[in-house]
Every structure is written in structure tokens, then in C-alpha cells.
Amino acid sequence: MAVTVSISDSFDGGNIEVISVSEPVVSAGGRTAKCTVTVHVKPDVHTELEQITHYQYFAFRAFVSGLGGGDDGVKLLTVQYVVANAHAVSYPEAWPGTTICYSSGSLEPSDDDAWRRNLTTKYVDGKLTWTQAHTANGSTFFSFWPPYTYNRHLKLISDCAAQISARGGAIGEYNPVVESLGQTLEGREMECISVGNGKLTAWIQHRQHPGETMAEFFAEGFLHRLLGLDADAELDDATKGILEQYRLYVIPCMCPDGAVRGHLRTNSVGANLNREWATVRGHEGYEEGYVAPSKERSPEVHAVLSKMDETGCDFFLDVHGDEELPYVFFSGAEKTPVWGDRIMHLHGYFISCFERANSDVQKKIGYPPPESEEHAKKYMNVATNQVSNRFGCLGLTLEMPYKDCETNPDPDKGFGPARAKQLGRNLVEALGDVRPYLRAEGEFWSEFSDEDAYVVPTDEFKEEGFVMLKKRFYSDVRPHDA
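Because the structure is predicted, anything quoted here is derived from the model rather than measured.

Calculation criteria
Residues numbered from 1 in each chain as written. Predicted model: local features only at pLDDT ≥ 70, side-chain atom pairs only at ≥ 80, totals over all residues. Heavy atoms only, no water. Pairing = 2+ DSSP bridges. Helix = DSSP H or I, 4+ residues; strand = E, 2+ residues; numbered from the N terminus. Axes fitted to C-alpha atoms, helices over the stretch in contact; angles between N-to-C directions. Buried < 20%, exposed > 50% of the residue type's maximum accessible area, 1.4 Å probe, protein only. Lys, Arg positive; Asp, Glu negative; His and termini not counted. Salt bridge = Lys/Arg side-chain N within 4 Å of Asp/Glu carboxyl O. Polar contact = N/O pair within 3.5 Å; in protein donor to acceptor, adjacent residues only side chain to side chain. Contact = heavy atoms within 4.5 Å. Parallel < 35°, antiparallel > 145°, perpendicular 65-115°, else oblique. Left-handed = near helix turned anticlockwise from the far one by under 90°. Nonpolar A, V, L, I, M, F, W, Y, C, P; charged D, E, K, R; others polar.

1. Considerations on the sheet that holds strand E7 (residues 100-104)
Consideration 1: Overall, antiparallel pairing links the five strands, which are arranged E1-E5-E11-E7-E8 in an open sheet. At either end of the open sheet lies a strand with only one pairing partner, and these are strand E1 (4-8) and strand E8 (116-118). For this sheet, the mean angle separating the axes of adjacent strands, direction not counted, is 30°.
Consideration 2: Where E7 lies against E8, three bridges are found, and the strand directions are antiparallel. The partner of Ile100 across the bridge, within E8, is Asn118.

The structure is reproduced here in C-alpha cells:
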């Protein structure tokens, strides 16, 4: 039986186009073989507002057969994988330092730590390459970052609903609700889990950009702790504290259509949801501006913002992933009208609280703030800016790395699903610590220590081959000719 490798993306969240698979060349001894697989990342639907076609996220299955075959058969197939259009993706500057993720056997391994990093990954001459030694027949899944499938999403929602429905659980006294705020353009539900008896209202949403799968792992970690899913329905004291202080609204996945399609940043019609939170005036081709959110193009944002207008908002967190920077970091509403001493000090204090709870968090490296107030106003269609100003509240965007995390490097696993989930669990401590100050009056920040101060972030750090994007804000894509 001949040795073969077959490539496919026909699974939930898959994304790859096969360009070529070379015939395996068997060694003179007959025990080993080599071949090359060349692929392209498929693009998202074209984005009307930004006039760009995003793409970078990929996930595919390599199925090997024909290994073994008795004492004289081929025992090892070494495959060089080549992403030939890596130079043309949304963030080609992100490839240096990237290590591709792989899982042997299963797309959804029972242990999230089963995903490993391929340390042979290189970006050379505009191509992303890595070599994998296949020693057994069957499946190996490769991805820019481990997938969070729609099937897993549905299980998360089901687990939350089952926990809420169970009699005698500690969560019952905090009025938990699982509801749909509406449907996407492809008919998927926009699920929201709300819980808590407090006077403050907190909104935490995840995965506006569907290829940022770490965001939904974060959501899973947070919801499991919030509802006692990992503790036989028991709630720890810190969790009870925030449930008594807040009413929390959690959206695990803002863009399920894009997630199923394997998109990087857009929904099924090409809307970048994190640019759909306000109408953009003076947009070319639109007499009345680019109206957003809209039920026709961005029903996901329309549904969430409508509900938020009903409930109000005292704290907002939008959870994302960043392709370039190998750090966990935050950006806020810097230079927008709401930004002043109060929000600035809350911003710095909240990050310090999170940093004390989880050492992956840091505040020095991140997106540089806008250059001016005038420049910041151009980004009022970004969720954090819109919500912060709409409700006069602390709003932040959390970014987690696709790469390994420089604060706690782990080359073999990188920053993976388990660490994203742990970060979600530790949101509990940060919410509890910041709570007394969210609507406090006067110069409450006089109580804070120097280490709690706001730090102006920079994207300057040492990494071989890194190119700093001096004009990149809110994860904008820099034109390739800039």
C-alpha cells in the first residue's frame, strides 16, 4: 500500500485551500519517505467598510495512510507544509516568531494541553513553512491557534443551561438566565448568560473576530467558575462576592457564523463586527454614512447593543486575540471624549488587579494610544470606545497572543487553551477588586499605589524579525504599501 497524505478543511471552522501535494519519495532503505504539501489560506468575505479582504486564520486536517505495511514498509513520512500566500494575509508582520499548533488524532482532544507547537515553523521569502514527522496513520490537525468549534460552543451553552436548571445548586439564588438575544444572518442564536444580584452591570463579550478562538476559551473558563461548573455546583467566596455586587451579562461568541466558516475577522457577509458599533459619517459611497449596527449586515452587534441599552453598563470587557504581540495586554478608550482622570485611573487599577491575579497579564506592551483626540474620534465604531462613551463607564479590550507569551514562555505549548481558560477564571478577582471604584465619586484614585497607575503602552519589544507598526490602532490592518 502506497504512503499518502490527504488534506481537507471539511469540518467546523476549517479553512485551507490545497494547491499541491507532491508524491512521497521513499528512501533507498524503504523505511522513510518525504513529500511537500502546499496550501493557501482562504479569504473572508470582502469587508465593505474597510475595503479589504481579511484572512490569516487557518485550520486543516492531514490524514496519513500507508505507513507500516510489515517489516519492509515505510515507518516515517516527513512532510513539509508550505502556506504559499502567507505574505498576502492581513498581518504578515505577525509571522516571525509564530509557531503553528498541532494535535494528533483529534480536533477536540479531551485535554486542552494536548495541542503542541511545531518549533520548526519559519517565515521565509513570504512563505510560512514547517516540517512534521508522521509516524502513524490517521489524523493530525494543524491550526494558527487551536480551534474552538461550534459543537463545543453548543456544549458550553448546554452545560450552562443544565447547571442553571439543576435544583439545589448554589447558583440558583443569583437569578441566572440563558437567553437568545436574536439570530445571526445564517440563523444561529446569539446566546447570552446573565447572572447576579448586584447593582452594578457588567458586560463581557468574546470573539467578535471569529479567528480569535482563544477568546471563547477565555469565556469557557470564566463561565465555568461563575456558575460552579468545575466545582460540583459549588461557588468560591470570590465568585459569590461578584455575584452579590454585579449583574453580569456574558456573550461567549459574538460571531458564530464567521467561526463556523473559519474566518479571521468577519461574519457571513463580510462585516468586521468591531467596526459596527456606530455609524461612520462621510464614508465614500454612502449619502447618510455607513449606518451601523444594522439588522441587515451586523445583527449580532445590533442585538447586543439593544440589550445593553436596556440594562445599562458600568463595566465592559471585549475579549480578543492579537496576531503580532507575544503578550496579554489591554487597550481602552484613550483620547476619546470619556477619557479623563477617572477612566484613566480605573483603567490602570483594573489591569494591576488582573496582573496580581494572573502573571500572564502585563501593562507595558500593547497598542499605542491614538495620536490625538481627533484621531480617536474616527474609531468610535469600535466596541470599547462606543460603550465606554455611551455609558460613561470603564471599558477595555483584552488581547491574548497567538504566539507564545513572553511573560511566561513555554515553547512546547505556547499560550494555549488552558492558559486562556485560566485567564477567564481570574477575571473574577479583577472584577471584585475594581468594583468599589467603578462609580465612585471624587479623587478615589488617591488610595491607589504607584504600581496601579496607568501606563502608556508601547508595541516596542525585542523579537528577531519583528516590524513595529507605528500607525496601527485597534488592530487595524496597515496597507501593504504604507
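2. Overview of the side chain of Glu334
Consideration 1: Summarising the element assignment, Glu334 is placed in the loop between strand E17 (329-331) and helix H6 (341-357).
Consideration 2: No salt bridge is formed by the buried Glu334, whose closest oppositely charged neighbour, Lys335, lies at an N-O distance of 9.0 Å.
Consideration 3: A distance of 2.9 Å separates a polar side-chain atom of Glu334 from the backbone nitrogen of Gly332.

3. Description of the pairing of strand E15 (residues 246-251)
Consideration 1: With respect to burial, E15 is a largely interior element, six of its six residues being buried.
Consideration 2: Residues Tyr246, Leu248 and Val250 point to one face of E15 and Arg247, Tyr249 and Ile251 to the other, with burial holding for every one of them.
Consideration 3: When strand E13 (residues 189-195) meets E15, the two strands line up antiparallel, connected through three bridges. Within E15, the residue paired with Val195 across the bridge is Leu248.

4. Comments concerning the sheet that holds E15
Consideration 1: Pairing is mixed across the open sheet formed by seven strands, whose spatial order is E12-E13-E15-E14-E16-E18-E17. Of all strands in the sheet, those bounded by a partner on one side alone are strand E12 (177-183) and E17. For this sheet, the mean inter-axis angle between neighbouring strands, taken without regard to orientation, is 25°.
Consideration 2: As paired strands, E12 and E13 are joined by five bridges and run antiparallel to one another. Within E13, the residue paired with Glu179 across the bridge is Cys192.
Consideration 3: Across the sheet, helix H3 (residues 237-245) touches E13, strand E14 (200-206) and E15, and the angle it forms with E15 is around 100°.
Consideration 4: With respect to the sheet, helix H9 (residues 417-434) is in contact with E14, E15, strand E16 (315-322) and strand E18 (394-401), its orientation differing from that of E18 by roughly 155°.

5. Observations regarding the packing of helix H2 (residues 214-227) against H9
Consideration 1: At a minimum axis separation of 7 Å, H2 and H9 run at an interaxial angle of 50°. Considered as vectors, H2 and H9 are oriented oblique to each other. Viewed along their axes, H2 and H9 form a crossing whose handedness is right-handed. Judged by residue contacts, Met214, Phe217, Phe218, Glu220, Gly221, Phe222 and Arg225 of H2 engage Pro417, Ala420, Lys421, Leu423, Gly424, Arg425, Asn426, Leu427, Val428, Glu429 and Leu431 from H9.
Consideration 2: Here the contact of H2 with H9 is built from residues that sort into 10 nonpolar, three polar and five charged.

Read these as geometric descriptors, not functional statements.
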